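Survey of secondary and tertiary structure
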Amino acid sequence: QVQLVESGGGLVQAGGSLRLSCAASGRTFSSYVMAWFRQTPGKEREFVASIDQTGSSTDYADSVKGRFTISRDNAKNTMYLQMNSLKPEDTAVYYCNRGPGSVLNIRWARFGSWGQGTQVTVSS
């Protein structure tokens, strides 16, 4: 079974930056569209950003566009989320996941399993 392990979260002041990583096991990482999601207590998991198999196409939630950058390194089986100009409302547990669909459609996907995520806390 493929494993996705999120890391890089932490406590940061408003306006600061963090870079999250999503490390995948297996030999077929490059076959999948990848995406970041986030969730806060009492709220549904929400889409953050997605990236296609080669890293050529990306999509972002309006709330993070211009501040976050998604990327991937297929040679390392790793996806990244560079988070700049962080705001307190970005505080959440961040999760990654994968699918065979498109960059634009993955935000609507319902995933059967999730990892433990990584906590991002932005202080005001």
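The shown structure was predicted, so the numbers you read here are calculated from the model rather than taken from an experiment.

**A short note on the side chain of arginine 72**
With respect to the element layout, arginine 72 can be found in strand β7 (residues 68–73). Of the buried charged residues, arginine 72 lacks a salt bridge, with aspartate 52 as the closest side chain of opposite charge at 5.7 Å. A polar contact of 2.9 Å, which involves the side chain of arginine 72, links it to the backbone oxygen of phenylalanine 29. A polar contact of 3.5 Å, which involves the side chain of arginine 72, links it to the backbone oxygen of glutamine 53. For arginine 72, the contacting residues outside a window of four places in its chain are Phe29, Ser30, Tyr32, Val33, Met34, Ile51, Asp52, Gln53, Thr54, Gly55, Thr78 and Met79.

**Things to note about the sheet that holds strand β3 (residues 18–24)**
One open sheet holds the four strands; their spatial order is β1-β3-β8-β7, and the pairing between them is antiparallel. At either margin of the open sheet sits one strand with a lone partner, and together these are β1 (4–7) and β7. On average, adjacent strands in this sheet sit at an angle of 15 degrees to one another, irrespective of strand direction. Where β1 meets β3, four bridges bridge the pair, whose relative direction is antiparallel. Bridging from a neighbouring strand, valine 5 pairs with alanine 23 of β3.

**Describing the packing of aromatic side chains**
Evaluation of the coordinates by the stated rule reveals five aromatic pairs. Here phenylalanine 111 and tryptophan 114 contribute two aromatic rings whose centre-to-centre distance is 5.2 Å and whose plane-to-plane angle is 75 degrees, an arrangement assigned as edge-to-face. Here the basic side chain of arginine 19 rests over the ring of tyrosine 80, its NZ or CZ set 4.2 Å away from the ring centre. One residue, arginine 45, lies across the ring of tryptophan 114, its end atom 4.0 Å from the ring centre.

**Points about the environment of serine 102**
Within the secondary structure layout, serine 102 lies in the loop between β9 (92–99) and β10 (118–123). Classification of serine 102 as partly exposed rests on a relative accessible area of 30%. For the pair serine 102 and serine 50, spaced 52 residues apart in sequence, the C-alpha separation works out to 9.0 Å. A polar contact of 3.1 Å, which involves the side chain of serine 102, links it to the backbone nitrogen of asparagine 105.

Criteria and cut-off values
Residues numbered from 1 in each chain as written. Predicted model: local features only at pLDDT ≥ 70, side-chain atom pairs only at ≥ 80, totals over all residues. Heavy atoms only, no water. Helix = DSSP H or I, 4+ residues; strand = E, 2+ residues; numbered from the N terminus. Buried < 20%, exposed > 50% of the residue type's maximum accessible area, 1.4 Å probe, protein only. Lys, Arg positive; Asp, Glu negative; His and termini not counted. Salt bridge = Lys/Arg side-chain N within 4 Å of Asp/Glu carboxyl O. Polar contact = N/O pair within 3.5 Å; in protein donor to acceptor, adjacent residues only side chain to side chain. Contact = heavy atoms within 4.5 Å. Pairing = 2+ DSSP bridges. Axes fitted to C-alpha atoms, helices over the stretch in contact; angles between N-to-C directions. Phe/Tyr/Trp six-rings, centres within 6.5 Å; stacked < 30°, edge-to-face > 60°. Lys NZ or Arg CZ within 6 Å of the ring centre and 35° of its normal.

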